[in-house]
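# Understanding the architecture of this molecule
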Amino acid sequence: MVGGALQIAGLLVGGIGMIGTFAVTGMPQWRVSAFIENNIIVFETIWEGLWMHCIRQANIRMQCKVYDSVLALSPDLQASRGLMCAGSVLSFLAFVVAIIGMKCTQCMQSSWQAKGYIILTAGLLFILSGVVELIPVCWVANTIISDFYNPAVNVAQKRELGEALYLGWAAAFCLIAAGAIFCCFYRCCEKTRSYGYSTPTHYSTDSQRLHGKTESSYSKSQYV
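Thresholds, definitions, all that
Residues numbered from 1 in each chain as written. Predicted model: local features only at pLDDT ≥ 70, side-chain atom pairs only at ≥ 80, totals over all residues. Heavy atoms only, no water. Helix = DSSP H or I, 4+ residues; strand = E, 2+ residues; numbered from the N terminus. Buried < 20%, exposed > 50% of the residue type's maximum accessible area, 1.4 Å probe, protein only. Disulfide = S-S within 2.5 Å. Contact = heavy atoms within 4.5 Å. UniProt positions renumbered as here; feature names shortened; annotations may be inferred. Salt bridge = Lys/Arg side-chain N within 4 Å of Asp/Glu carboxyl O. 1 Å grid on protein atoms, 1.4 Å probe; cavity = no way out; pocket = protein on both sides within 12 Å on 5 of 7 lines; lining within 4 Å. Points joined across faces, edges and corners; volume = space filled by probe spheres on them. Nonpolar A, V, L, I, M, F, W, Y, C, P; charged D, E, K, R; others polar. Pairing = 2+ DSSP bridges. Axes fitted to C-alpha atoms, helices over the stretch in contact; angles between N-to-C directions. Core = buried A, V, L, I, M, F, W, Y, C linked by side-chain atoms within 4.5 Å. Phe/Tyr/Trp six-rings, centres within 6.5 Å; stacked < 30°, edge-to-face > 60°.

### A closer look at the environment of Ala 180
Position of Ala 180 among the secondary structure elements: in helix H4 (residues 163-223). Note on Ala 180: relative accessible area 34%, which makes it partly exposed. On a C-alpha basis, the gap between Ala 180 and Ile 127 in space is 7.3 Å, while along the polypeptide they are 53 residues apart.

Here you go:
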């Protein structure tokens, strides 16, 4: 009962992280224009994402344009494209593997040991996808902060952390947490299974001894 609830909790947390990863990959709010010093054009907000940049005017009108070339992007955004796509694929694969290996799933008539290995694989995939997502999010955030405090960078080119970065950190945390839950479940199943295997051995030994004593007493009664 507890194991089933633990699996469901891990699947829900992993699903939230997977959906968050998809959202972060497509959101344009990775870099947001900063209103500092002489840059006081507050009615216009610039968003820069992995696939497009948008200009929002006075909370009424928004125009987005897809980047013409990948080479026009900065190195951190170029690498973030590939890493976020890889993280999305890994999180989806981990979610599917977790569903297959869950205790309540009856589509596979396999042993508990095989299902335990499937759950462990799902947990490791969740952790790997979370780490892969953390790399581009932290990289872009570090670049934004470095440029913000760099006096050589023009004020109009300075950016602030966008909503996608905060959502990326939350999604990565959910993925890693889901992976940890599944790995802990596998560990608990291994302990239970090893204990279950050891108990019948002692029982069989005791039963053999009792059976031997019964036969010896029976043979003695015959001689008497």
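### As for the state of the cysteines
Enumeration over the complete set of coordinates arrives at 1 disulfide. Here Cys 54 engages in a disulfide with Cys 64; their sulfurs sit 2.0 Å apart. The S-S bond linking Cys 54 to Cys 64 shows a torsion near 110°; that makes this disulfide right-handed. Here the residue Cys 54 occupies a position in strand E3 (residues 52-57), and Cys 64 occupies one in strand E4 (residues 61-66), the gap between them amounting to 10 residues. Of the residues examined, Cys 54 reaches a relative accessible area of 1% and is grouped as buried. On the basis of relative accessibility, which here comes to 42%, the residue Cys 64 falls in the partly exposed class.

### Focus on the environment of Cys 183
Of note, Cys 183 is situated in helix H4. Cys 183 sits 60 residues away from Gly 123 along the chain, and the two C-alpha atoms are 5.4 Å apart. If near-sequence neighbours (up to four positions away) are discounted, Cys 183 is found in contact with Leu 120, Gly 123, Leu 124 and Ile 127.

### Quick word on the UniProt feature "transmembrane region" (unreviewed entry) in the chain
Under the local residue numbering, the UniProt record ascribes the feature "transmembrane region" (unreviewed entry) to residues 81-105, 117-145 and 165-186. The span residues 165-186 is 100% helix and 0% strand, and its two end C-alpha atoms sit 32 Å from each other.

### Some thoughts on the pattern of salt bridges
Between side chains of opposite charge, a pair can form when the charged atoms approach closely. If you walk through the whole model with that rule in mind, you get 4 salt bridges. The shortest N-O distance in the salt bridge between Arg 31 and Glu 48 comes to 3.9 Å. Of this pair, Arg 31 sits in strand E1 (residues 31-33) while Glu 48 sits in strand E2 (residues 44-48), and the two are 17 residues apart along the sequence. Here Arg 31 and Glu 48 have matching classes, each one buried. The partner of Asp 68 in a salt bridge is Lys 65, and the shortest N-O contact between them spans 3.7 Å. Several salt bridges converge on common partners, so that one network encompasses Arg 31, Glu 48, Asp 76 and Arg 159.

### Examining the layout of surface pockets
A volume near 150 Å³ is recorded for the second largest pocket. Considering the residues around the second largest pocket, the lining is formed by Arg 31, Glu 48, His 53, Lys 65, Val 66, Tyr 67, Asp 68, Ala 72, Leu 73, Ser 74 and Leu 77. Partitioning the lining of the second largest pocket into residue classes produces 5 nonpolar, 2 polar and 4 charged.

### A few points about the sheet that holds E3
Read across the sheet, 5 strands follow the order E4-E3-E2-E1-E5 without closing on themselves; strand pairing throughout is antiparallel. Two strands close off the open sheet at either side, each with one partner strand: E4 and strand E5 (159-161). When strand polarity is set aside, the average angle formed by the axes of neighbouring strands in this sheet is 25°. Pairing of E3 with E4 involves 6 bridges; the strand directions are antiparallel. The residue bridging His 53 from the neighbouring strand is Lys 65, located in E4.

### Regarding the nonpolar core
By size, the foremost hydrophobic cluster in this structure holds 18 residues, and its most contacted members are Leu 11, Phe 95, Val 97, Ala 98, Leu 125, Phe 126 and Phe 182. Elements supplying a minimum of two residues to this core: helix H1 (2-26), helix H2 (75-101), helix H3 (112-148) and H4. Looking at this core, the element that brings in the most residues is H3, giving 6 residues. Formed by 13 residues, the second largest nonpolar core is a distinct cluster that contains Tyr 67, Leu 73, Val 140 and Ala 141.

### Brief notes about the pairing of E2
As defined by bridge partners, E1 adjoins E2 across 2 bridges and the pair is classed as antiparallel. Along E2, the bridge assignment pairs Arg 31 with Glu 48. Between E2 and E3, which pair antiparallel and follow one another directly, the connecting turn spans 3 residues.

### What about the packing of aromatic side chains?
Following the criterion strictly, the structure yields 3 aromatic pairs and no others. Ring centres of Phe 148 and Tyr 149 lie 5.3 Å apart, and the angle between their planes is 80°; on these two criteria the pair is classed as edge-to-face. Overall, Tyr 149 belongs to the exposed group, its relative accessible area being 65%. Pairing Tyr 166 with Trp 169 gives two aromatic rings, centres 5.8 Å apart and planes at 70°, and the pair type is edge-to-face. Pair noted here: Tyr 166 and Trp 169 are both in helix H4, with a separation of 3 residues, about one helical turn. For Tyr 166, a relative accessible area of 49% translates into the label partly exposed.

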